[in-house]
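# Working through the structure, step by step
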Amino acid sequence: MKKINTLLSLLFLLQTALIHTTSAQVYSPSPATEQRVNALLAKMTLEEKIGQLTLYTTDWGSTGPTIREGYKNDIRSGACGNLFNSHTVAFVRDLQKVAVEETRLKIPLLFGFDVIHGYKTIFPIPLGEAASWDLPAIEKSARIAATEAAAAGLNWTYAPMVDISREPRWGRVMEGAGEDTWLGSRIAEARVQGFQGRKIGDTDAMLACVKHFAGYGAPMAGRDYNTVDISERYFREFYLPPYEAAVKAGAASVMTSFNDYDGVPASGNRYLLTDILRTEWGFKGFVVTDYTSMNEMVNHGVVANDKEAGELSLNAGVDMDMQGAVFQRFLAQSVQEGKVKVADIDEAVRRILRLKFDLGLFEDPYKFCNESREKTTLLSKEHRAAAREVSRKSIVLLKNDKNLLPLNPGQKIAVIGPLADNKAELIGNWNGAGNPNDCVSVLEGIRAQAKGAVTFDSGCEFFAAKKEGTENALALAKQADAVIVVVGEQAMMSGEAASRADITLPAVQEELVLELVRTGKPVVVVLMNGRPLAIPRLAENATAILETWWLGTEAGNAIADVLFGAYNPSGKLPMTFPRSVGQVPVFYNEKSTGRPYDPNSKWTSKYIDMPNAPLFPFGFGLSYTNFSYSEPKVDKSVFKKGQNLQVTVNVANTGSRAGEEVVQLYIRDLVGSVTRPVRELKGFEKIMLKPGETKEVRFTISDKDLSFYRRDMTFGSEPGEFEIMIGTNSMDVKKVKVRMTE
Ligand code: BGC
């Protein structure tokens with residue numbers, strides 16, 4: 001086991017080193033193609049131009065690889081220049097052939113797909129991967145996803161999703177990096193670099209599409225698609241930075257969001273799509289709407305009909321219409337009526353054609369259609385090994401009473417729960433071309449590593465009233481030395497259109513766990529879910545809890561690695577776990593208020609029926625070893641505005657196992673021209689420490705790290721006192737004070 005473990009880690013490090021990509025910069029089209037783009041544009045009719053701005057889905061879903069005859073005719077006539085949900089070499093080749101052999105101008109199609117956390121080899125859901133706080137691992141997961149997808153005909157992914165969210169009710173938190181702006185921005189960069197690889201046009205890379213621009217993660221009441229109404233200050237400070245980071249890491253495209261921002265739906269919001277995205281950030285790629293979000297502006301009530309929606313979108317800065325058929329039906333008429341300028345259409349076409357040229361599709365429209373590459377790349381041994389490694393890094397140890405974990409593999413173990421012998425849920429939502437049959441279930445993973453007897457009973461259904469088998473499950477538990485119970489959400493309970501008002505574990509499953517606890521046996525709860533859950537009863541009663549999200553193809557092996565100690569868990573929560581949905585939104589970087597929480601004083605900002613503190617805070621996660629932190633030291637306690645500050649801390653492994661620790665750096669500006677969060681993440685480092693080893697961790701704090709949108713909305717720092725905090729999670733830190741002078 002130890003050998004496999006070392007081998008896996010070595011292989012992973014080697015691959016990560018080889019895979020690391022170029023340094024990030026804003027995408028800029030190759031100047032060599034500009035002439036070719038313009039020459040082509042000069043030959044295009046208005047209808048053909050509008051065709052390039054049109055994107056349709058195939059009917060692939062439950063139906064297998066098919067496309068409506070009408071859409072095929074649209075490709076032939078040049079009325080549809082891009083497709084999504086079409087993958088596999090054979091299908092893509094067929095459709096590309098129509099575009100390059102049967103159309104007048106032979107312009108190749110873009111092929112898009114939601115490759116969110118893997119194509120065939122499925123990695124942890126993005127929220128889970130974010131828990132690894134391991135940027136090279138996250139980049140690598142995106143790299144492999146792109147390598148597989150680009151071997152299956154695809155050249156464009158609808159990822160990364162970088163919507164910051166403080167809303168566990170919102171099902172789409174599973175697709176993002178959680179609640180923190182700084183961590184989310186670093187992960188956004190890693191994912192863009194992973195997907196786009198060394199350069200656009202390589203056959204192991206695809207165009208990234210940053211989504212959903214913007215503010216989609218802040219829907220009122222946590223209800224998907226709902227109104228977003230936050231101040232410009234909050235928007236710029238907490239929500240916008242990850243999109244900007246992704247653009248500055250070179251993302252070639254951006255997708256709009258379904259919500260409105262400040263009263264204007266994102267798909268028609270010129271302030272977002274032109275002023276911020278292009279003018280402030282210098283974005284030079286293209287903007288695509290989210291699925292029919294252009295048409296939905298009629299329901300929003302800002303336009304009277306689809307034609308007006310198309311005009312609002314194009315004039316706001318949208319280049320491509322996903323599935324709405326609005327541009328296709330009405331844009332020519334809008335031109336005739338003088339509502340839209342041909343010059344603006346031309347610019348949108350240029351933005352799309354440039355990327356088709358940069359991808360090299362005009363030289364070889366089938367460059368992503370190589371059957372033998374497809375056969376050898378997908379689900380390769382190396383990809384599965386990498387998935388196992390990223391998966392175990394994503395697991396968070398939430399509780400471990402009496403050091404129950406890791407389990408001794410020689411023990412008698414009862415494996416219980418509706419998710420224990422399940423494969424269908426492991427690939428989670430937005431699972432690409434993943435096949436549950438390729439997954440390793442938890443039971444299989446445990447059986448492969450256990451040396452004693454392993455018994456199994458599902459114990460109950462996901463939701464239903466308890467089935468007969470509960471008695472059997474309890475009987476098995478009584479005969480075992482330890483119980484592992486695998487419970488949680490079904491994959492479809494998170495993701496799009498899957499908001500929940502109640503974020504507890506389904507009652508029948510919670511009851512199962514509590515009954516198992518009553519047997520007196522030690523109980524390890526293995527959780528699977530796509531959002532933070534409110535699980536105070538489990539937290540109180542279970543002996544140990546592992547948060548495993550949905551880990552994908554190698555889930556069972558990765559979980560067994562942690563259960564039996566082949567891997568020492570190192571994940572940290574990227575999102576706060578509340579005690580109750582009533583605390584939501586609850587997040588770590590809150591403001592002080594004028595009456596900060598005091599448990600002994602009634603007239604402070606608090607609940608009368610529950611503490612303010614969440615169940616598990618942001619950044620929290622245990623290890624099988626212990627880490628101790630020295631007091632942080634600064635190189636100067638008084639420094640001049642503009643100067644960098646060095647902070648160091650010694651972290652020691654005081655336990656008996658090697659382990660990784662995510663050392664976290666937070667800051668607080670004690671007096672600002674506007675109120676400031678009581679803590680904000682500004683850095684972290686993940687270090688490996690042998691037993692007894694101590695390492696010095698050094699952080700550089702720049703002026704930018706201390707900057708914010710001041711009262712007049714300019715961005716910058718303000719002299720005065722700051723607290724620098726370093727610790728193992730957002731609530732357990734050691735502080736040092738510093739002072740900035742003019
Ligand atoms: C989702 C997007 C996704 C698109 C295409 C929409 O419903 O909001 O995230 O990329 O569908 O599948």
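Residues numbered from 1 in each chain as written. Predicted model: local features only at pLDDT ≥ 70, side-chain atom pairs only at ≥ 80, totals over all residues. Heavy atoms only, no water.

Moving on, we get to the packing of aromatic side chains. Under the definition given, this model contains 24 aromatic pairs. Each ring, one from Y588 and one from Y666, has its centre 5.6 Å from the other, and the planes form 70 degrees; the classification is edge-to-face. Placement of Y588 in the loop between α22 (555-563) and β17 (627-629) and of Y666 in strand β21 (residues 659-669) is noted, with a sequence separation of 78 residues between them. Across this residue pair, the class does not change: Y588 and Y666 are buried. Taken together, the ring pairs in this structure connect W133, W182, Y588, F618, Y666 and F684 into an aromatic cluster. We note R93 situated over the ring of Y366; from NZ or CZ to the ring centre the distance is 5.1 Å. Residue placement shows K211 over the ring face of W430; its charged tip is 5.3 Å from the ring centre. (Phe/Tyr/Trp six-rings, centres within 6.5 Å; stacked < 30°, edge-to-face > 60°. Helix = DSSP H or I, 4+ residues; strand = E, 2+ residues; numbered from the N terminus. Buried < 20%, exposed > 50% of the residue type's maximum accessible area, 1.4 Å probe, protein only. Lys NZ or Arg CZ within 6 Å of the ring centre and 35° of its normal.)

Spatially, the 3 strands line up as an open sheet ordered β5-β6-β9, and their pairing is parallel. Edge positions in the open sheet fall to β5 (209-213) and β9 (286-288), since each of these has one partner strand only. Strand after strand, the sheet turns through a mean of 25 degrees between neighbouring axes, direction not considered. Here strand β6 (residues 253-256) pairs with β9 via 3 bridges, running parallel. (Pairing = 2+ DSSP bridges. Axes fitted to C-alpha atoms, helices over the stretch in contact; angles between N-to-C directions.)

Now for unusual backbone geometry. Leaving glycine aside, a negative phi is the common case for residues, and trans is the common case for peptide bonds. Here A159 and P160 are connected by a cis peptide whose omega angle stands at 5 degrees. The topology assignment puts P160 in the loop between β4 (156-157) and α8 (181-196). In this model, V584 is joined to P585 through a cis peptide bond whose omega is 0 degrees. Tracing the backbone shows P585 in the loop between α22 and β17. In this structure, W430 is a non-glycine residue whose phi angle is positive, near 50 degrees. Within the element layout of this structure, W430 appears in the loop between β12 (413-416) and α18 (442-449). Unusually for a residue other than glycine, W549 sits at a positive phi of about 50 degrees. Relative to the assigned elements, W549 resides in the loop between β16 (544-547) and α22.

Attention now moves to the nonpolar core. Of all hydrophobic cores here, the largest spans 109 residues; its most connected members are W156 and F213. The contact partners of F213, leaving out residues within four places of it in the chain, are L240, Y243, V254, M255, T256, S257, A266, L272, L273, I276, L277 and W281. Judged by nonpolar contacts, the second largest core, of 82 residues, contains I122, M174, I395 and L407. (Core = buried A, V, L, I, M, F, W, Y, C linked by side-chain atoms within 4.5 Å. Contact = heavy atoms within 4.5 Å.)

Per the stated rule, a full pass over the model turns up 48 salt bridges. Here R392 ties to E389 by a salt bridge, and the two come within 3.0 Å at their closest N and O atoms. Of this pair, R392 and E389 both sit in helix α17 (residues 381-394), 3 residues apart, which is roughly one turn of that helix. Salt-bridge contacts for R676 lead to E680; the nearest nitrogen and oxygen are separated by 3.4 Å. For R676, a relative accessible area of 6% translates into the label buried. (Salt bridge = Lys/Arg side-chain N within 4 Å of Asp/Glu carboxyl O.)

Spatially, the 5 strands line up as an open sheet ordered β19-β27-β26-β21-β22, and their pairing is mixed. In this open sheet, the two strands that pair with only one neighbour each are β19 (638-640) and β22 (680-689). Going across the sheet, the axis of each strand differs from the next one's by a mean of 30 degrees, ignoring polarity. Bridge count between strand β26 (residues 720-729) and strand β27 (residues 732-741): 9 bridges; the pairing is antiparallel. Paired with I726 across the strands is K734, a residue of β27.

We now examine the site of the ligand. Taken together, 13 residues sit near the ligand, with D114, R172, H212, D290 and E496 positioned nearest. Separating an oxygen atom of the ligand from a side-chain N or O atom of D290 is a distance of 2.5 Å. Within the complex, 93% of the 310 Å² of free accessible area of the ligand lies under protein. (Near = heavy atom within 4 Å. Polar contact = N/O pair within 3.5 Å; in protein donor to acceptor, adjacent residues only side chain to side chain. Areas by Shrake-Rupley, 256 points an atom, 1.4 Å probe, with all protein chains shown as cover.)

Let us look at the side chain of T157. With respect to the helices and strands, the residue T157 is situated in strand β4. Residue classification places T157 among the buried positions, given a relative accessible area of 0%. Of note is the side chain of T157, whose polar atom sits 2.9 Å from the backbone oxygen of V115. Not counting the four nearest positions on each side in its chain, T157 is found in contact with F113, D114, V115, F195, M206, L207, A208 and C209.

With that settled, the discussion passes to the packing of helix α9 (residues 232-239) against helix α10 (residues 241-248). Running from N to C, α9 and α10 cross one another at 50 degrees; their axes reach a closest spacing of 6 Å. Classed by the angle they form, the pair α9 and α10 counts as oblique. Facing F235, R236, E237, F238 and Y239 of α9, the residues of α10 in contact are P241, P242 and Y243. Residue composition of the contact of α9 with α10, by class: 6 nonpolar, no polar and 2 charged. (Parallel < 35°, antiparallel > 145°, perpendicular 65-115°, else oblique. Nonpolar A, V, L, I, M, F, W, Y, C, P; charged D, E, K, R; others polar.)

Should the pLDDT be low somewhere, the predicted coordinates at that spot are not to be read in detail. For the protein, mean pLDDT is 96; residues scoring 70 or higher make up 96% of the total. Per-element averaging of pLDDT across the protein places helix α1 (residues 2-19) at the bottom with 54 and strand β11 (residues 396-400) at the top with 99. Considering only residues more than four positions removed or in separate chains, one finds that residues 17-22, a stretch of pLDDT under 50, has 14 contacts. (pLDDT = per-residue confidence, 0-100.)

This next bit is on the pairing of strand β1 (residues 54-57). Of the two faces of β1, both are covered, the one formed by T54 and Y56 as well as the one formed by L55 and T57. When β1 meets strand β10 (residues 321-322), the two strands line up parallel, connected through 2 bridges. Paired with T54 across the bridge in β10 is D321.

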